[in-house]
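# Survey of secondary and tertiary structure
Each chain, written out:
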Number of protein chains: 2
Amino acid sequence: MTYSEENYLKIIYHLSVVSKADISTNAIAHEMQTKASSVTDMLKKLAEKELVSYQKYQGVSLTQKGFFAAKMIVRKHRLWEVFLVEKLNFTWDEVHEIAEELEHIQSDKLINKLDEFLDFPSKDPHGDPIPDRNGNLPKVEKQLLSELAINKTGICVGVKDSSTSFLQYLDKQKIALGTQIKVIEKESFDNSLTIEINGNKLLITNKIAGNLFVKTI
Amino acid sequence: MTYSEENYLKIIYHLSVVSKADISTNAIAHEMQTKASSVTDMLKKLAEKELVSYQKYQGVSLTQKGFFAAKMIVRKHRLWEVFLVEKLNFTWDEVHEIAEELEHIQSDKLINKLDEFLDFPSKDPHGDPIPDRNGNLPKVEKQLLSELAINKTGICVGVKDSSTSFLQYLDKQKIALGTQIKVIEKESFDNSLTIEINGNKLLITNKIAGNLFVKTI
DNA sequence: ATTAATTTTTAGACAAAACTAAAAATATAT
DNA sequence: ATATATTTTTAGTTTTGTCTAAAAATTAAT
Ligand SMILES: [Mn+2]
Ligand SMILES: [Mn+2]
Ligand SMILES: [Mn+2]
Ligand SMILES: [Mn+2]
């Protein structure tokens with residue numbers, strides 16, 4: 001598989017995790033930051049290789065084969081992210097771009113030895129689950145902070161958006177994986193929340209709360 | 001720079017280390033396992049980018065810029081090889097292929113952090129010197145075992161050929177970096193040698209001796 | 001000094017992956 | 001139900017890196 005095919009496959013996978021229905025050409029084009037016509041070309045190729053099932057105008061879904069291949073790419077991406085943070089002391093906002101390259105390194109032996117070297121981690125630095133060598137994903141129970149009721153407390157377990165800017169915002173506000181967050185107040189006009197972290201109150205927008213995953217305790 | 005450009009540059013570098021004179025199109029084609037016409041195309045592109053100086057029919061040499069770029073690729077290749085052997089417990093015959101891919105990962109920060117993580121190694125698992133971040137190469141003093149005089153003893157410090165088959169031959173004969181080798185006899189008819197390792201005598205061909213680097217003590 | 005052999009370059013073609021512009025299909029709105 | 005808007009596909013280019021076949025330059029041999 002080429003780098004490009006792998007990138008498409010991974011994006012179709014990520015879109016599938018959320019959407020349930022078949023994935024549209026435009027949705028893929030948007031994620032790939034490319035043109036719809038380029039996507040159509042690639043979908044034909046992936047269908048030819050039986051990695052996706054595709055019918056003109058009807059969108060695509062991953063085949064069993066494509067689903068497994070996609071999970072192996074995600075596995076590589078997330079294991080490399082763990083390596084970069086745990087062993088090389090990168091911060092969580094620096095690793096995504098580098099992992100985008102490293103995820104394409106071929107050797108299965110390499111990734112399995114890396115997994116062992118890292119002590120078989122179950123989550124990456126952003127709280128996302130790491131598929132094991134057979135493609136099994138640990139089930140992570142979580143909900144968006146924006147959906148947490150008033151007076152409930154959650155532990156931060158992941159981020160939906162892992163862009164540098166969002167992660168750096170969280171750093172600035174001293175929010176990290178494991179941080180306890182209590183919802184104090186919700187402003188119905190703009191859906192902003194007042195939360196409490198380590199005894200300090202903080203106002204956050206709905207956009208922020210909609211990108212933070214928490215687990216209730 | 002593309003992967004392909006980097007591969008060409010690295011090969012021109014390796015050929016330059018041995019040959020002194022300008023590098024021929026055919027020599028590059030042979031190393032790249034490609035056609036001379038493809039090499040010509042690429043040389044034009046590298047010349048355009050001022051990475052090599054090239055004149056039709058006269059071969060190429062690296063510019064200062066190309067020389068530095070090549071050394072950075074070699075640096076990455078060798079550091080990744082050290083990582084694979086030291087941290088992931090690969091054997092020295094397994095790492096070259098994987099490093100061929102890893103050497104193209106872009107981030108400077110990554111490679112410098114990797115260097116630090118590995119404790120700034122000066123040699124890779126095959127005894128080859130690792131350029132530092134400024135491109136300085138530790139000078140390794142060494143000679144071929146085939147050039148060692150009778151009754152002299154040398155310590156194995158490197159291999160000229162780092163193919164899997166040669167490295168596995170050395171494993172089988174219990175020859176590793178650091179092994180002491182004494183030349184007992186040279187057969188003038190076929191240039192084969194009788195050597196002594198850990199008290200055991202061993203007959204090796206001239207081809208073997210011509211691919212093993214030793215340092216006299 | 002010619003001729004022959006070898007090396008290198010050019011010319012033209014091809015596959016992969018992208019693009020633009022236009023056509024076709026589907027979805028939405030009146 | 002028809003018109004409009006949106007999405008998706010096709011058709012035709014472009015760029016990168018490769019190839020084959022043929023021409024040109026260089027080197028070696030008589
Ligand atoms: Mn990532
Ligand atoms: Mn991640
Ligand atoms: Mn190597
Ligand atoms: Mn090496």
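Residues numbered from 1 in each chain as written. Chains lettered and ligands numbered in written order. Predicted model: local features only at pLDDT ≥ 70, side-chain atom pairs only at ≥ 80, totals over all residues. Heavy atoms only, no water.

As named in an unreviewed UniProt entry, chain A is Transcriptional regulator MntR, taken from Flavobacterium silvisoli. Quoted verbatim from the Subcellular location (unreviewed entry) heading of the UniProt record, the comment on chain A is "Cytoplasm". The UniProt entry for chain A carries the following text under Function (unreviewed entry): "In the presence of manganese, represses expression of mntH and mntS. Up-regulates expression of mntP." (UniProt positions renumbered as here; feature names shortened; annotations may be inferred.)

Quick look at the domain arrangement of chain A now. Taken domain by domain, chain A holds domain 1 (3-62) and domain 2 (143-216). Computed over C-alpha atoms only, the centres of domain 1 of chain A and domain 2 of chain A are separated by 32 Å. (Domains from an automatic or database assignment.)

A few words now on the environment of B:L62. Residues and elements named next belong to chain B. Along the chain, the position of L62 falls in strand β2 (residues 60-62). For L62, a relative accessible area of 14% corresponds to the buried category. Taking the C-alpha atoms as reference points, L62 and I181, separated by 119 residues in sequence, lie 37 Å from one another. Not counting residues within four places of it along the chain, the set of residues in contact with L62 comprises L9, I12, Y13, S16, L51, V52, F67 and A70. (Helix = DSSP H or I, 4+ residues; strand = E, 2+ residues; numbered from the N terminus. Buried < 20%, exposed > 50% of the residue type's maximum accessible area, 1.4 Å probe, protein only. Contact = heavy atoms within 4.5 Å.)

Before going further, it helps to spend a moment on the environment of A:P125. All names here are of chain A. Examined against the element boundaries, P125 turns out to sit in the loop between α6 (108-117) and β3 (143-144). The class of P125 is buried, set by a relative accessible area of 13%. Taking the C-alpha atoms as reference points, P125 and D93, separated by 32 residues in sequence, lie 9.2 Å from one another.

Around DNA strand C, the surrounding shell holds 20 residues, and the nearest of these are A:T2, A:T34, A:K45, B:K44 and B:Y54. Of what DNA strand C places within 4 Å of the protein, 80% of the atoms are sugar or phosphate. Interatomic distance of 3.0 Å between a side-chain N/O atom of A:S37 and a base oxygen of DNA strand C. Measuring from a sugar or linking oxygen of DNA strand C, one finds a side-chain N or O atom of A:Y57 at 3.3 Å. Counting only elements with at least two residues in the surface near DNA strand C, the list comes to α1 (3-19) and α3 (36-48) of chain A together with α2 (25-32) and α3 (36-48) of chain B. Residues of the surface near DNA strand C, tallied by class, amount to five nonpolar, 10 polar and five charged. (Near = heavy atom within 4 Å. Polar contact = N/O pair within 3.5 Å; in protein donor to acceptor, adjacent residues only side chain to side chain. Nonpolar A, V, L, I, M, F, W, Y, C, P; charged D, E, K, R; others polar.)

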